[in-house]
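Close look at the chain arrangement
Spelled out, the chains give:
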Amino acid sequence: MKDYLNATYGLKSWLLTRDHKRIALLYLASVTLFFFVGGAFAVMVRLELATPPADLMQPETYNKMFTMHGVAMVFFFLIPAIPAVLGNWLIPVMIGARDLAFPKLNLASWYIFMLGGLFTLWAMVTGGVDTGWTFYTPYSSAFSNTHVVTAALGIFIAGFASILTGLNFIVTIHRMRAPGMTWFRLPLFVWSHYATSLIMVLGTPVIAITILLVAAERAFGLGLFDPARGGDPVLFQHLFWFYSHPAVYIMVLPAMGVVSELVAAFSRKPVFGYAFVAFASLAIAVIGFLVWGHHMFVSSQSVYAAMIFSVLSFLVAVPSAVKVFNWTATLYRGSISYDTPMLYAFGFIGLFTIGGLTGLFLATLGIDVHVTDTYFIVAHFHYIMFGGTIMGYLGGLHYWWPKMTGRLYPEGWAKLGALTIFLGFNLTFFPQFVLGYLGMPRRYAAYPEEFQVLNVMSSAGATILGAGYLIPMIYFIWSLRYGRIAGPNPWGAVGLEWTTPSPPPTDNFEKTPIVTQPAYAYHLLERA
Amino acid sequence: MLSELPLFPVGASTIAPQVDALYLFMVGLALFFSVLIAGLIVYFAIRYRRRAPDEIGVAATGGLILETAWSVIPLVIVLFIFVWGAAVFFAMARPPADTLTIYVVGKQWMWKFQHAAGQQEINELHVPVGRPVKILMTSQDVIHDLFVPAFRVKADVLPGRYTTLWFEATRTGQYRLFCAEYCGTKHSGMTGWVYVMEPHEYQAWLAGGVTGSLASSGEKLFQDLACNTCHLPDTQGRGPMLHNLFGSTVLLATGEKVVADESYLRESILTPRARLTAGFEPLMPTFQGLVSEEDVLQLVEYIKTLKK
């Protein structure tokens, strides 16, 4: 039988495909490339920080390393990873559709993403950029003599891919659901992607405009952010974080969607409080637009503005807490298996809990003043983006890999990989909380000697983490040829994606499914 | 080994114990919830492990009470933390009335501190113990951030405006000072030391090797730049009289009123037409680019001393 992988052959059949599943695999290859590019920069950062002086590389080189690590990871891995790979592949299948609403636009998104990626890679290989991924003005617009405009234009271009993907998801979820697939029968993965798409469509234009303003000041000397030219440097921070804080939710909401699927599938029961989890996603997306000022508590904004942003930041923590409690409650009286995807889900819940709770420290005005711009921040957002997004992404990739490729990966190696990554991650980033409260500032090529022991622990953890990543990379590729044949439903999971062959045909289903049950209807299985 | 592995920073300011108390409360809270969640996950994962390949979980229903509980309880907790955190923040943001003011200009990649008595120092800051100190800060180029971990305070140092930071040191000693906002190549070299001294030692230090006070340097500049040709010590000048100006309320040509603080004085020197005093013609030229931020600070300090 023809499936989507062998329906047609040749490079052209991939580069001109309109099949959402093939486009998802194009994205998989692209974001994996950027992940390893960003990871290589992280290795350089941690190597330099193994000793207090800036001895391995010059400070200007170090500054480029952490900048390019952040740019590659945030804009070209974390933001697209789950939506463009897993979302792209799964949303049509989960709602019983043959494709996304706009298949050609979907392919165009990938080309736009690659064009943006090439711009930024070009900036990296021709000398790099040293502004930090946050591009704060007036350093970025008037002082740095690195390739700021090229790198920023890459981010500008890639933003359109994000907008178009979000648009495509919104229209698809509204218009393409199979008969009987009502809103409250949608898998929570789809709900979380709907919320994510809203942020992508509403937030991304703001960063696009902001980048153009920086480029205009840099290239044409317009006085926008540089006070020497009559501009306002803090204005940039408002504009930047108006997008970039919601962008954190672009990164983490899809991972929450994945975890909802994993917890249900490997407990074999419905997610506890389905509607609360679904609406928590929307609440996070909406409130998330109103908290950007918490990045600026020490940047001279008024104390009253700081108080408003602080209280709103606390409010956005509540729906996140609700989700954690609901996932945990889902385990109660479940039929829990310890397959690799579930290990990642456990890891996600634990690490996201720490990331979320340390986020409360940063929303607390009196503590934020001391810990902002220190390693406490670095630790916190890695617990969210890594402990959250990447654990979710890897969990999802393992869960749906048999569906995407038709092959199983080797379970023992996968468990070893998950454990290695979990231990390496905690050893890398937990000491950074301590470093932060001690007062070690971030973005330092050299640091006082009293911080060395904790930094060595962190660098040692990063070595374990780096090795941990290579394990799935190797066995996933190995499994494409040698993995056991998975069959349509290796996990005994419910959900439309498990009712079609692995890998599915190009049109996903033999005939359009008719949905008669809520999501995660494991309790109805026995009676049937 | 343990001496090489510090886990908690020294506290040497009046605000430090307040921040630490809040921090330790939060650590306790975070530990409680992390252990709760992790403990439940481990317990459930073992207690409800799959015992047969085709086993199905038991669907739970009717969670409204639970959902309400775990929405409302976190809400109450976070609002409590918010109020506590805001109270500490207010204490940090509001310096007491009688502070010792020290000026700092940040520039790539150094800190230049100026004391009113005339002492200037680079990457070092001498302050007396037990006296509130206000640092009035500006940057000559990009954004910097003055951070003294032992005092638990930091604030951005912005080009084009003044920001302030205050602390009252409680222990004499030597404490690290960092730039905490990434500012370019030698960001990690923009560090130094704060020396907290006994008041009499501080006075002795202030007296050592000084040519003239900050205000006297400002006075000289005031004459060199010919400010004194228009700003006379009476109301007959073409510009407003500057005596008793600092801290007073100024009526602007637009009808608005502003308090003549350091930021207003700085703006009126660099861009005089931005907020013109009522009753005066916009005759004064801009001094943007003609005077450095250190010059402006000297002028400001001089104007602050003009009293009748």
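Residues numbered from 1 in each chain as written. Chains lettered and ligands numbered in written order. Predicted model: local features only at pLDDT ≥ 70, side-chain atom pairs only at ≥ 80, totals over all residues. Heavy atoms only, no water.

Proximity of charged atoms lets side chains of opposite charge pair with each other. Residue and element names in this part refer to chain B. One pass over the full model with this rule turns up 14 salt bridges over all chains. The shortest N-O distance in the salt bridge between Arg152 and Asp20 comes to 2.8 Å. A residue pair is termed long-range when its members are at least 10 positions apart, and Arg152 in the loop between strand 6 (144-148) and strand 7 (153-157) and Asp20 in helix 1 (residues 16-47) qualify at 132 residues. For the pair formed by Arg152 and Asp20, the shared burial category is buried. In this structure, Glu294 engages Lys112 in a salt bridge whose closest nitrogen and oxygen atoms are separated by 2.7 Å. (Salt bridge = Lys/Arg side-chain N within 4 Å of Asp/Glu carboxyl O. Helix = DSSP H or I, 4+ residues; strand = E, 2+ residues; numbered from the N terminus. Buried < 20%, exposed > 50% of the residue type's maximum accessible area, 1.4 Å probe, protein only.)

Contact residues are listed per partner, giving 90 residues for chain A and 83 residues for chain B. Between chain A and chain B lies a buried interface of about 7600 Å² when both sides are counted; carbon and sulfur atoms form 71% of it. Taking the shortest distance from any N to any O, the salt bridge between Arg161 of chain B and Asp232 of chain A comes out at 2.8 Å. Linking chain A to chain B there are 27 residue pairs in polar contact (both at pLDDT 80 or more). Elements represented by at least two residues in the side of chain A that touches chain B include exactly helix 3 (59-94), helix 5 (139-143), helix 8 (233-267), helix 10 (303-331), helix 11 (340-363), helix 12 (365-371), helix 14 (411-438) and helix 15 (452-482) of chain A. (Contact = heavy atoms within 4.5 Å. Buried area = accessible area lost by both parts, 1.4 Å probe. Polar contact = N/O pair within 3.5 Å; in protein donor to acceptor, adjacent residues only side chain to side chain.)

Once that is clear, we can look at the environment of Ala521 of chain A. With respect to the helices and strands, the residue Ala521 of chain A is situated in the segment after helix 15. Relative accessible area serves as the criterion here: at 3%, Ala521 of chain A is assigned to the buried category.

All right, on to helix 4 (residues 214-224) of chain B then. All names here are of chain B. For helix 4, the set of buried residues is Leu214, Ala215, Gly218, Leu221 and Phe222. For helix 4, the arc enclosing every buried residue in end-on projection is 115 degrees, short of the 170-degree limit, so these residues lie on one face. Opposite its buried face, helix 4 presents the exposed residues Lys220 and Asp224, each directed more than 90 degrees away. The inward-facing, buried residues of helix 4 contact strand 1 (100-107), strand 2 (110-115) and helix 6 (293-305). (Arc of directions from axis to C-beta.)

All names here are of chain B. Along its sequence, chain B is organised into domain 1 (1-44 + 95-211) and domain 2 (214-305). Taken together, the contacts link 20 residues of domain 1 with 14 residues of domain 2. Interface of domain 1 and domain 2: buried area, both sides summed, is about 1300 Å²; carbon and sulfur atoms make up 51% of it. Of all residues in domain 1, Tyr103, Gln114 and Tyr162 give up the largest surface area on contact with domain 2, accounting jointly for 47% of the area buried on that side. On the surface where domain 1 and domain 2 come into contact, there are 3 salt bridges. The closest approach of N and O atoms between Glu294 and Lys107, which form a salt bridge, is 2.7 Å. Viewed at the interface, domain 2 and domain 1 are joined by 7 residue pairs in polar contact (both at pLDDT 80 or more). Of all elements in the fold, only strand 1, strand 2 and strand 5 (132-139) reach the threshold of two or more residues within the side of domain 1 that touches domain 2. Sorting elements by how many residues they give to the side of domain 1 that touches domain 2 places strand 1 first, with 5 residues. A class-by-class count of the residues in the side of domain 1 that touches domain 2 yields 7 nonpolar, 9 polar and 4 charged. (Domains from an automatic or database assignment. Nonpolar A, V, L, I, M, F, W, Y, C, P; charged D, E, K, R; others polar.)

All names here are of chain B. Strand order in the open sheet formed by 5 strands is 4-10-9-6-7, with mixed pairing between adjacent strands. Two strands in the sheet have a free side with no partner beyond their single neighbour: strand 4 (124-128) and strand 7. Within the sheet, the average angular offset between the axes of one strand and its neighbour, ignoring direction, is 20 degrees. The pairing of strand 9 (residues 173-179) with strand 10 (residues 192-197) spans 5 bridges and is antiparallel. Following the sheet pairing, Leu177 is matched in strand 10 by Gly192. Of the strands in this sheet, strand 4 and strand 10 are in contact with helix 3 (residues 199-207), which crosses strand 4 at around 130 degrees. (Pairing = 2+ DSSP bridges. Axes fitted to C-alpha atoms, helices over the stretch in contact; angles between N-to-C directions.)

The next subject is helix 3 of chain A. Residue and element names in this part refer to chain A. With 36 residues, helix 3 should cover 52 Å at 1.5 Å per step; its first-to-last C-alpha distance of 49 Å lies within 8% of that length. Helix geometry: helix 3 is bent most strongly at Pro80, by close to 60 degrees. Of all the 36 residues making up helix 3, 33 are buried; the element is thus mostly covered by neighbouring parts of the structure. Downstream of helix 3 by one or two residues, Gly96 has phi in the positive range, about 80 degrees. (Expected span 1.5 Å × (residues − 1). Bend = angle between axes of the 7 residues up to and from the residue.)

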